[in-house]
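# Understanding the architecture of this molecule
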Amino acid sequence: MDQPAESAQPAESAEPGPPPRPGAASVPYGTPDTPRVAVRGEAVLEVDPEIARLTITVSARGVDRRAALDDLTRRNNQVLALVKPYGEAVEKLETGAFSVTPEISPKGRHERVRAYHGRVHLTATLGDFTALGELTSRLADLDLTRVDGPWWGLRPDSPAYGRARQQAVREAVQRAREYAGALGARLVALTELADLEAEQGPLQPVAVAAPRTRSGYGGPAEREPAALDLEPQRQTVYAHVNARFTMTPPEL
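The structure presented is a predicted model; accordingly, all values stated were derived computationally and were not measured. (Residues numbered from 1 in each chain as written. Predicted model: local features only at pLDDT ≥ 70, side-chain atom pairs only at ≥ 80, totals over all residues. Heavy atoms only, no water.)

## What about the overall build of the chain?
- When helices and strands are tallied, the chain shows 3 helices and 7 strands.
- N-terminal to C-terminal, the α/β element order of the chain is β-β-α-β-β-α-β-α-β-β.
- Here the chain, with 252 residues, has 33% of them falling under the buried criterion.
- Within the chain, contacts between residues separated by at least 24 positions form 81% of all contacts whose residues are at least 6 apart in sequence. (Helix = DSSP H or I, 4+ residues; strand = E, 2+ residues; numbered from the N terminus. Buried < 20%, exposed > 50% of the residue type's maximum accessible area, 1.4 Å probe, protein only. Contact = heavy atoms within 4.5 Å.)

## Structural notes on the pairing of strand β1 (residues 36-47)
- Residues Val37, Val39, Gly41, Ala43, Leu45 and Val47 point to one face of β1 and are all buried, whereas Arg36, Ala38, Arg40, Glu42, Val44 and Glu46, pointing to the other face, are not buried.
- Bridge count for β1 against strand β7 (residues 235-247) is 12 bridges, and the pairing is antiparallel. Bridged to Val44 within β7 is Tyr238. (Pairing = 2+ DSSP bridges.)

## Description of the sheet that holds strand β2 (residues 51-62)
- With antiparallel pairing, the 4 strands of this open sheet are ordered in space as β3-β4-β2-β5. Two strands bound the open sheet, and with one partner strand each, they are β3 (90-104) and β5 (145-153). Pairwise comparison of adjacent strand axes, ignoring direction, gives a mean angle of 15° for this sheet.
- In this sheet, strand β4 (residues 113-126) lies alongside β3 in antiparallel orientation, the contact comprising 12 bridges. The partner of Leu93 across the bridge, within β4, is Ala124.
- Contacts from helix α1 (residues 65-83) reach β2, β3, β4 and β5, with the element oriented near 155° to β2. (Axes fitted to C-alpha atoms, helices over the stretch in contact; angles between N-to-C directions.)

## Quick notes on helix α3 (residues 159-182)
- The first and last C-alpha atoms of α3 sit 35 Å apart over 24 residues, in line with the 34 Å expected at 1.5 Å per residue.
- Ala160, Tyr161, Ala164, Ala168, Ala172, Ala176 and Ala180 are the residues of α3 that are buried.
- Just beyond α3, the residue with positive phi is Gly184, at close to 75°. (Expected span 1.5 Å × (residues − 1).)

## Description of the confidence of the model for the chain
- On average, residues of the chain score 81 in pLDDT, and 77% of them reach the 70 mark or higher.
- Confidence, read as mean pLDDT per element, is least for strand β6 (residues 187-200) in the chain (77) and greatest for α3 (96). (pLDDT = per-residue confidence, 0-100.)

## So, the pattern of salt bridges
- Taken as a whole and assessed by the stated rule, the structure comprises 9 salt bridges.
- Arg74 is paired through a salt bridge with Asp71; the nearest N and O atoms lie 3.3 Å apart. In this pair, Arg74 and Asp71 are both assigned in helix α1, 3 residues apart and thus about one turn of the helix distant.
- Given a relative accessible area of 24%, Asp71 falls into the partly exposed group. (Salt bridge = Lys/Arg side-chain N within 4 Å of Asp/Glu carboxyl O.)

## A short note on the packing of α1 against helix α2 (residues 132-140)
- Two elements in contact, α1 and α2, have axes whose closest approach is 11 Å; the angle formed by their N-to-C orientations is 160°. As summarised for this structure, α1 and α2 are arranged roughly antiparallel, according to the angle between their axes. As α1 runs across α2, the sense of the crossing is right-handed. On α2, the residues touching Val79, Leu82 and Val83 of α1 are Leu135, Arg138 and Leu139.
- Looking at the contact of α1 with α2 residue by residue, the class counts come to 5 nonpolar, no polar and 1 charged. (Parallel < 35°, antiparallel > 145°, perpendicular 65-115°, else oblique. Left-handed = near helix turned anticlockwise from the far one by under 90°. Nonpolar A, V, L, I, M, F, W, Y, C, P; charged D, E, K, R; others polar.)

Printed below as a string of structure tokens:
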């Protein structure tokens, strides 16, 4: 009987070459006929702040838990009652962390509670700076109330960010034209525009202290503190882009 033909063996595959370097194909190299120029555009703007934030910490302490909690609730309500009448000048009023913590006596073998400490943290965001100094002084005048700020800043949708980005792009185009012009060439087309960073610098704190001077605000002169004179701190907005262009062959 005829023997079955042996099945064909698959040809051995060639040794695989080294894997392509990540991103190698995406690097836009130019050619002598179509040179490319890569530039970086930057912009730094100094603008007036749009908002100011105050952080408010209300505290209470007592040997009895309920008494400490009652005092904390009363002082928190005083802060809310003071801030809310400012209406649209206060864009946001938010309550953050709340805590009531027992303080254990360091002496003795037993867990004896020496006192209770209560705290409430609030944040007020103002868009009307004419009310800022007055509100800050009145808050700082409350019992066991700490005020920090103001921290000046911009809104997330501030037009300043768009102006910075546009200026960075214009600078990139100008740089590319200058490089091409130095070679006797001109730009032909944009091949890539990468937004690297467009962000506001950190909010800058300004120290706040409770003044001793008194002035009248809807009540007796001896009961209201004088409004602090707070000067808004200008904000720095940054934008950076990378741009690549093709250009005509240079005249070397």
